[in-house]
Amino acid sequence: MTELLTAPKLSFDNGGEFIRDTRREVEAYLACRRTRVRGRLNLYAKSFVAFGLMLASWAVLMFGSHELWTGLLAFAGLILGTTLTAFCVMHDANHGAYFRTRRFNHLLGWTADSLLGLSSYAWRVKHNVAHHTYTNVEGYDADITQTPMARFMPVQPSRPWYRLQHFYIWPLYSLMALRWQTLGDVAALRRGRIGQSAIRMPRRWDLVGLLAGKIVFVCWAIVVPLLFYPWWAVLAGYLVFSMVMSLIMAVTFQLAHCVEEADFASPEQLSQQKRLWAVHEVEATVDFCPRNPVLTWMLGGLNYQIEHHLFPRVPHTHYARIAEIVERNAARHGVRYAVQPSLLAALGSHYRHLRAMGRAGLRVEVEMG
Ligand SMILES: [Zn+2]
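What counts, and where the lines are drawn
Residues numbered from 1 in each chain as written. Predicted model: local features only at pLDDT ≥ 70, side-chain atom pairs only at ≥ 80, totals over all residues. Heavy atoms only, no water. Salt bridge = Lys/Arg side-chain N within 4 Å of Asp/Glu carboxyl O. Helix = DSSP H or I, 4+ residues; strand = E, 2+ residues; numbered from the N terminus. Buried < 20%, exposed > 50% of the residue type's maximum accessible area, 1.4 Å probe, protein only. Donors = N, O, S within 2.8 Å, 3.2 Å for Na, K, Ca; no water. Phe/Tyr/Trp six-rings, centres within 6.5 Å; stacked < 30°, edge-to-face > 60°. pLDDT = per-residue confidence, 0-100. Contact = heavy atoms within 4.5 Å. Expected span 1.5 Å × (residues − 1). Bend = angle between axes of the 7 residues up to and from the residue. Axes fitted to C-alpha atoms, helices over the stretch in contact; angles between N-to-C directions. Parallel < 35°, antiparallel > 145°, perpendicular 65-115°, else oblique. Left-handed = near helix turned anticlockwise from the far one by under 90°. Nonpolar A, V, L, I, M, F, W, Y, C, P; charged D, E, K, R; others polar.

Caption draft 1: Inspection of the pattern of salt bridges at higher detail. Across all of its chains, the model carries eight salt bridges by this definition. Salt-bridge contacts for Asp21 lead to Arg332; the nearest nitrogen and oxygen are separated by 3.9 Å. With a gap of 311 residues between them, Asp21 in helix H2 (residues 17–30) and Arg332 in helix H15 (residues 319–332) connect regions that are remote in the sequence. Residue class for Asp21 comes out buried when judged on its relative accessible area of 14%. With its nearest N and O atoms 3.1 Å apart, the salt bridge here joins Arg352 to Glu260. Of this pair, Arg352 sits in helix H16 (residues 343–359) while Glu260 is found in the loop between helix H10 (231–257) and helix H11 (267–272), placing the two residues 92 residues apart along the sequence. The class of Arg352 is partly exposed, set by a relative accessible area of 36%. Residue classification places Glu260 among the partly exposed positions, given a relative accessible area of 40%. Counted as one network, the salt bridges with shared partners bring together Asp21, Arg24, Glu25, Arg328 and Arg332.

Caption draft 2: Summary view of the coordination of the zinc ion. Around the zinc ion, the protein contributes the donor atoms His91 (NE2), His95 (NE2), His127 (NE2), His132 (NE2) and His308 (NE2), which lie 2.0 to 2.3 Å from the metal centre. Going along the chain, you hit the donors of the zinc ion in the pattern H-x3-H-x31-H-x4-H-x175-H. In this pair, His91 sits in helix H4 (residues 68–95) while His132 sits in helix H7 (residues 120–133), placing the two residues 41 residues apart along the sequence. Just as His91 is buried, His132 falls in that class too.

Caption draft 3: Structural context of the packing of aromatic side chains. A full pass over the atoms with the stated rule returns 14 aromatic pairs. Look at Trp123 and Phe253: their rings are 6.3 Å apart centre to centre, the planes differ by 65 degrees, and that puts the pair in the edge-to-face class. Here Trp123 is found in helix H7, whereas its partner Phe253 is found in helix H10, with 130 residues between them in sequence. Take Trp123 and Phe253: they sit in the same class, and that class is buried. Site record: aromatic cluster; members linked through ring pairs are Tyr44, Tyr98, Phe99 and Phe104.

Caption draft 4: Expanded view of the confidence of the model for the chain. Summary statistics for the chain give a mean pLDDT of 86 and a share of 95% for residues scoring 70 or more. Across residues 1–5, confidence stays below pLDDT 50; counting only partners more than four residues off in sequence or on other chains, it has four contacts. Contacts from residues 362–369, a stretch scored under 50 in pLDDT, to residues over four places away or in other chains number 23 contacts.

Caption draft 5: How the structure looks around helix H9 (residues 204–228). For H9, spanning 25 residues, the distance from its first C-alpha to its last is 35 Å, which sits close to the expected 36 Å at 1.5 Å a residue. Residue Cys219 marks the point of greatest curvature in H9, where the axis turns by about 45 degrees. Listed as buried for H9 are Gly209, Leu210, Gly213, Phe217, Trp220, Ala221 and Pro225. Buried residues belonging to H9 abut helix H3 (33–63), H4, helix H6 (111–116), helix H8 (165–191) and H10.

Caption draft 6: Broad picture of the packing of H8 against H10. Running from N to C, H8 and H10 point in directions that differ by 110 degrees, and their axes come no closer than 7 Å. Compared by their axis directions, H8 and H10 come out roughly perpendicular. The handedness of the crossing between H8 and H10 is right-handed. For the pair formed by H8 and H10, the contact residues are Trp170, Tyr173, Ser174, Leu175, Met176, Ala177, Leu178 and Gln181 on the first element and Tyr238, Leu239, Ser242, Met243, Met245, Ser246, Leu247, Ala250, Val251 and Gln254 on the second. The class makeup of the residues in the contact of H8 with H10 is 13 nonpolar, five polar and no charged.

Caption draft 7: Summary view of H3. A rise of 1.5 Å per residue sets the reference length of H3, with its 31 residues, at 45 Å; its end C-alpha atoms lie 44 Å apart and thus fit the reference within 8%. The set of residues buried in H3 consists of Thr35, Gly39, Leu43, Lys46, Ser47, Ala50, Met54, Ser57, Trp58, Leu61 and Met62. Residues of H3 that are buried in the fold lie against H2, H4, H6, H9 and helix H13 (293–298).

This is the structure in structure tokens:
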């Protein structure tokens, strides 16, 4: 709590010509009713596929023939369905992009609790507030602050073990979901903050949602499987399920921010010089594989994270079109807009960034662009 009180208060300038012009064009694009309806129908269709795949795979695993190949196929389907739910349903809903009303968005966002085992209440603070407001700001963005396990940005202190972080980071990524499924939520609530963003103890419906979500998740992921499989098979299945889902989610988010092309900042730099929020978001984020419709579909548009950070309440099914507008305006206003052409290029950049951050022996000050 002391840290929260002494942390510098950071604020951005929410204006600027770049975001004004971009917003005007995006609003004109979304003014067409047919465009909006098409975007929502695509979103609903994806949700249907994600839930359907998850439910069908789970039903085969529980009530099917239990043959090895059928089981493995259904298990892969369960992981795929869960990941699609995370990227294409839960993420949009918790941002308020799925429905018009907050209540329905929170209700669908509860898929985080019930299907993924992650508290949507904590997610909205960790992701919507800490990560989206203070993207790549040391100590404020919990995604990019993993001291003392890893060093993701130049302003963070060095440790000898970070020299190997480009090797050991992958298993750590795979354990992140497990951490939030078990004690991560409770620890954050007891601490009263995530990064430097305050999180209150949930009350009334928030508390009901959190507890009910944990119960539903434990029931379908552990209790019911124990009726059909030995305990060690359930434990192994749960660990593999959680770790694969975690690895895919963590890497997808890291490829947009924890790469050579992204900007990073310390709280001191931001308190000395007030930045334009939209410019900060674009320059702290990198798109990847923009012309890969399959990947765009599967990642819920998270390969277009620049557009997501500027317009988090717009359904992700519009990002590919919005990207043309953002890129054009970025070029016009001198804002650096970075895109990786392929998944391999994005992974390579993340790997090289981790290696460089691990090897740097001294604390280095980055210049903000
Ligand atoms: Zn988001």
